[in-house]
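Reading the structure
One-letter residues, chain by chain:
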Amino acid sequence: MGDFSGKVALVTGGSRGIGRAIAVELGRRGASVVLSYAGNEAAAAETVKAIVDAGGKAKAVRFDVADSGACSKAVDEVVKEQGRLDVLVNNAGVAIDGLLMRFKDEDWDKTLDTNLKGAFALMRAVSRPMMKQKGGAIVNLSSVVGEMGNAGQAAYAASKAGLIGLTKSVARELASRNIRVNCVTPGFITTDMTAGLNAELKEKMAAAIPLSRIGNAEEVAAAVAFLASDAASYITGEVLKVNGGMYM
Ligand code: NDP
């Protein structure tokens, strides 16, 4: 069917937005997709239906990526049920905005636990089965904000910058086992995460982007699918910008 035929992919936060587009793209290319979600069961079921209706294989599992015990249990179950795990996409994330002076400890912890510790826990969990099967590909969703910073997003930017260091370190650690680890840094993408921004701000942001528009989830999914595929077999530790030229 495609370049992921016979492969199993776990996509966190696959119920909505960029994660949904990634799950659909990997499913379209032949992967058996396990997508995770935090609580939005209806959206997760919709993604599964979209993949299955298109002739692919998918199921949804609910767990909190901030809970490292739940992460390793989820990975164990995928490997037990499907016999292997070839691709991990750490996409689940939260953006809690606020100025430094007023930012609460609990919001800092939630942001770092979800966006950074979750990716760490899942990479740790998949490393053993991937080593056993002598290969795998991991893609982490960082952000342009992790590269350039953003006022009012200190915690989010720290978590996303942390993901870049985490990606490069784990890439070095697992390269000899034929496990590639890369990340993408999307710019401003239309999803629920950015839906709350007012129209005027969106227009201003689009005008500052060289390609003069906001991106869509499918454009990020295409980059993730490339890095996860054998077409990227000599690429590891890479940070791929998908930002319309917003930051070069
Ligand atoms: P959305 O807010 O649209 O979706 C977030 C997804 O993550 C949902 O599937 C949600 O599940 C899941 N999720 C959230 N918290 C948890 C948790 N604790 N455990 C498990 N799953 C969780 O996000 P986007 O699609 O916009 O973003 C996806 C990724 O891309 C994020 O990492 C984000 O930081 C990054 N990104 C987004 C950009 C943008 O402009 N949109 C730009 C740069 C990076 P549920 O549906 O159950 O709530």
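As shown above, the structure is provided for reference.
The following paragraphs examine the structure supplied in this document. (Residues numbered from 1 in each chain as written. Predicted model: local features only at pLDDT ≥ 70, side-chain atom pairs only at ≥ 80, totals over all residues. Heavy atoms only, no water.)

Some points on the nonpolar core
- Counting residues in each nonpolar core, the largest one holds 30 residues, and the members touching the most others are Ile22 and Leu26.
- Residue assignment for this core shows that the elements contributing at least two residues are β1 (8-11), α1 (17-28), β2 (32-37), α2 (41-53), β4 (87-90), β5 (136-141) and α9 (217-228).
- At 8 residues, α9 tops the list of elements feeding residues into this core.
- With sequence-adjacent residues up to four places away left out, Leu26 is seen in contact with Phe4, Ala9, Val11, Ala31, Val33, Val87, Val89 and Ala225.
- In this structure, Phe63, Leu85, Met130 and Leu174 belong to the second largest nonpolar core, which totals 29 residues. (Core = buried A, V, L, I, M, F, W, Y, C linked by side-chain atoms within 4.5 Å. Buried < 20%, exposed > 50% of the residue type's maximum accessible area, 1.4 Å probe, protein only. Helix = DSSP H or I, 4+ residues; strand = E, 2+ residues; numbered from the N terminus. Contact = heavy atoms within 4.5 Å.)

Side note on the sheet that holds strand β9 (residues 239-242)
- On the basis of which strands lie adjacent, the open sheet formed by 7 strands has the order β3-β2-β1-β4-β5-β6-β9 and parallel pairing. A strand with exactly one partner marks an edge of an open sheet, and here the two such strands are β3 (57-62) and β9. Averaged over neighbouring strand pairs, the angle between their axes works out to 20 degrees when direction is ignored.
- Relative to strand β6 (residues 179-186), β5 runs parallel, the two being bridged by 6 bridges. (Pairing = 2+ DSSP bridges. Axes fitted to C-alpha atoms, helices over the stretch in contact; angles between N-to-C directions.)

Observations regarding unusual backbone geometry
- Although it is not a glycine, Lys134 sits at a positive phi angle of roughly 60 degrees.
- With respect to the element layout, Lys134 can be found in the loop between α4 (105-132) and β5.
- Judged by its relative accessible area of 63%, Lys134 falls in the exposed class.
- Even without being a glycine, Asn178 presents a positive backbone phi close to 65 degrees.
- Along the polypeptide, Asn178 turns up in the loop between α6 (154-174) and β6.

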